[in-house]
Amino acid sequence: MIEHPPDDGTAYPRTMIIESSSRCNFLCPLCLWTHNRHHGYLSAETYARFIEQAAPFLQRVCFAGRGEPTLNPRLAEILAISARSGVVTDLATNGSSLIRDGDALLDTGIDAVNVSIEADTADDFVRYRIRGDFDSVVEGMRRIALRKRQRGLDRPRLRTCSTIFGYNEDRLDRLREFFASLGFEEFIFKSAHLGHGQLEESEDSLRERWLPSNPRLRRSQFNEAAGPTAIHCSFLTQAHLLWNGDIGRCAIDHESMVVGNILEASFDEIWRGPRSLEVARTVVEGRFPKCASCTFSGRSRSESGRELYVL
């Protein structure tokens, strides 16, 4: 049985999403990065301060967030700091820099590289990975897998993370075979989220355009079936470090849900402080309006064991 921390938001986060870059070189239609109002890169000094304080209670960090992490010119240095801390460290990337940075990533000692890709042809790739280059991403994946084998490394684990859309829902086995042929070892499939990206469309239109026909593969179906009292938001067990040192408690709202800055206070002062506890209460008590329509992370606990993995 999975044990959960108290639902009052006071427990330290077990996992954190690290935003090393606020921008992306792709323009995926359902992504939130275009909502960012302030831009920059996480510094190695800021991350070192954070991880020194957070390492005792963290189980895992994932360099992801709204932007593409590999745009940060100091990413390899930051990842190495994270790996040395002993906290399990994953990188989520669109794969655009793997040809250039593959060996540098292997040198960092991180635990996993997750490439976000859900297609095995160039035509399908650009349906969602707008501005991306399928051939470059695939060649980068092939090269990092080859170099890992040549160097005899056990880690990082090489994973794909694929969003399930209507155009690929019946080809998941074929996608696994393709990614395996590139040398990748694990394959994650996750349901799409709606309503937070850059598209100026109604939710009904977005559902029709992007979601798979099988309702069991729709993340929004979980919320509709579970009802408002059964939703378990991941913010209770994870948080976000933004590029400028801000600590946030919501993946969707990077403004009103920011509870402090690691350059101005300790993590303990931030997480257990009055601002953080008030933010937690607004969600626990159902007073945060964005929760009502959120399909980004809210799911019923009873469904948390399903194959649909939410990064």
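- Going by what an unreviewed UniProt entry lists, the protein chain is known as Molybdenum cofactor biosynthesis protein A and is assigned to Aquisphaera giovannonii.
- Reading the Cofactor (unreviewed entry) entry of the UniProt record for the protein chain gives the comment "[4Fe-4S] cluster".

**Let's talk about the overall build of the protein chain**
Moving on, step 1. Assigned secondary structure in the protein chain consists of 10 helices and 11 strands.
Moving on, step 2. Sequence-distant contacts, at least 24 apart, represent 71% of the contacts inside the protein chain between residues at least 6 apart.
Moving on, step 3. For the protein chain, the accessible surface area stands at approximately 13,900 Å², while carbon and sulfur atoms represent 49% of it.

**Examining unusual backbone geometry**
Moving on, step 1. Cis geometry marks the peptide bond from Arg155 to Pro156; its omega dihedral reads 10°.
Moving on, step 2. Following the sequence through the fold, Pro156 ends up in the loop between helix H5 (134–151) and strand S5 (157–164).
Moving on, step 3. In the Ramachandran plot, Arg131 falls in the positive-phi region, its phi being about 80° despite a non-glycine side chain.
Moving on, step 4. Following the sequence through the fold, Arg131 ends up in the loop between helix H4 (122–128) and H5.

**Remarks on the pairing of strand S6 (residues 186–191)**
Moving on, step 1. Two strands pair when backbone bridges link them, and S5 and S6 are joined in this way by 6 bridges, in the parallel orientation. Its bridge partner being in S6, Thr160 is matched across the sheet by Phe187.
Moving on, step 2. Following the chain from S5 across helix H6 (residues 172–181) to the adjacent parallel S6, one finds a crossover that is right-handed.

**Focus on the nonpolar core**
Moving on, step 1. Counting residues in hydrophobic clusters, the biggest one holds 72 residues, and the most contacted among them are Met16, Tyr47, Phe50 and Phe63.
Moving on, step 2. The element contributing the most residues to this core is H5, with 6 residues.
Moving on, step 3. The residues touching Tyr47, leaving out its near neighbours within four places in the chain, are Ile18, Leu42, Val61, Phe63, Ile78, Ile81, Ser82 and Leu241.

**Considering the packing of helix H3 (residues 98–107) against H5**
Moving on, step 1. The geometry of H3 relative to H5 is characterised by a closest axis approach of 8 Å and an angle of 30° between their N-to-C directions. With respect to their mutual orientation, H3 and H5 come out roughly parallel. H5 is crossed by H3, and the crossing has right-handed handedness. The segment H3 lies against H5, with Leu98, Ile99, Gly102, Asp103, Leu106 and Asp107 engaging Ser136, Glu139, Gly140, Met141, Arg143, Ile144, Arg147, Lys148 and Arg151.

**Digging into the packing of aromatic side chains**
Moving on, step 1. Evaluated as defined, the whole model comprises 15 aromatic pairs.
Moving on, step 2. Between Phe26 and Phe125 the ring centres are 6.4 Å apart and the planes differ by 90°, which places this aromatic pair in the edge-to-face class. Note that Phe26 is positioned in the loop between strand S1 (15–18) and helix H1 (44–54) and Phe125 in helix H4, a separation of 99 residues in sequence. Both residues of the pair, Phe26 and Phe125, count as buried.
Moving on, step 3. Here the aromatic residues Tyr12, Tyr47, Phe50, Phe57, Phe63, Phe267 and Trp271 are joined through ring pairs into a cluster of three or more.
Moving on, step 4. The ring of Trp271 carries the charged tip of Arg249 above its face, separated from the ring centre by 3.7 Å.
Moving on, step 5. The side chain of Arg272 reaches across the aromatic face of Tyr12, ending 4.3 Å from its centre.

Thresholds, definitions, all that
Residues numbered from 1 in each chain as written. Predicted model: local features only at pLDDT ≥ 70, side-chain atom pairs only at ≥ 80, totals over all residues. Heavy atoms only, no water. UniProt positions renumbered as here; feature names shortened; annotations may be inferred. Helix = DSSP H or I, 4+ residues; strand = E, 2+ residues; numbered from the N terminus. Contact = heavy atoms within 4.5 Å. Areas by Shrake-Rupley, 256 points an atom, 1.4 Å probe, with all protein chains shown as cover. Pairing = 2+ DSSP bridges. Right-handed = clockwise from strand over helix to strand, strands pointing away. Core = buried A, V, L, I, M, F, W, Y, C linked by side-chain atoms within 4.5 Å. Buried < 20%, exposed > 50% of the residue type's maximum accessible area, 1.4 Å probe, protein only. Axes fitted to C-alpha atoms, helices over the stretch in contact; angles between N-to-C directions. Parallel < 35°, antiparallel > 145°, perpendicular 65-115°, else oblique. Left-handed = near helix turned anticlockwise from the far one by under 90°. Phe/Tyr/Trp six-rings, centres within 6.5 Å; stacked < 30°, edge-to-face > 60°. Lys NZ or Arg CZ within 6 Å of the ring centre and 35° of its normal.

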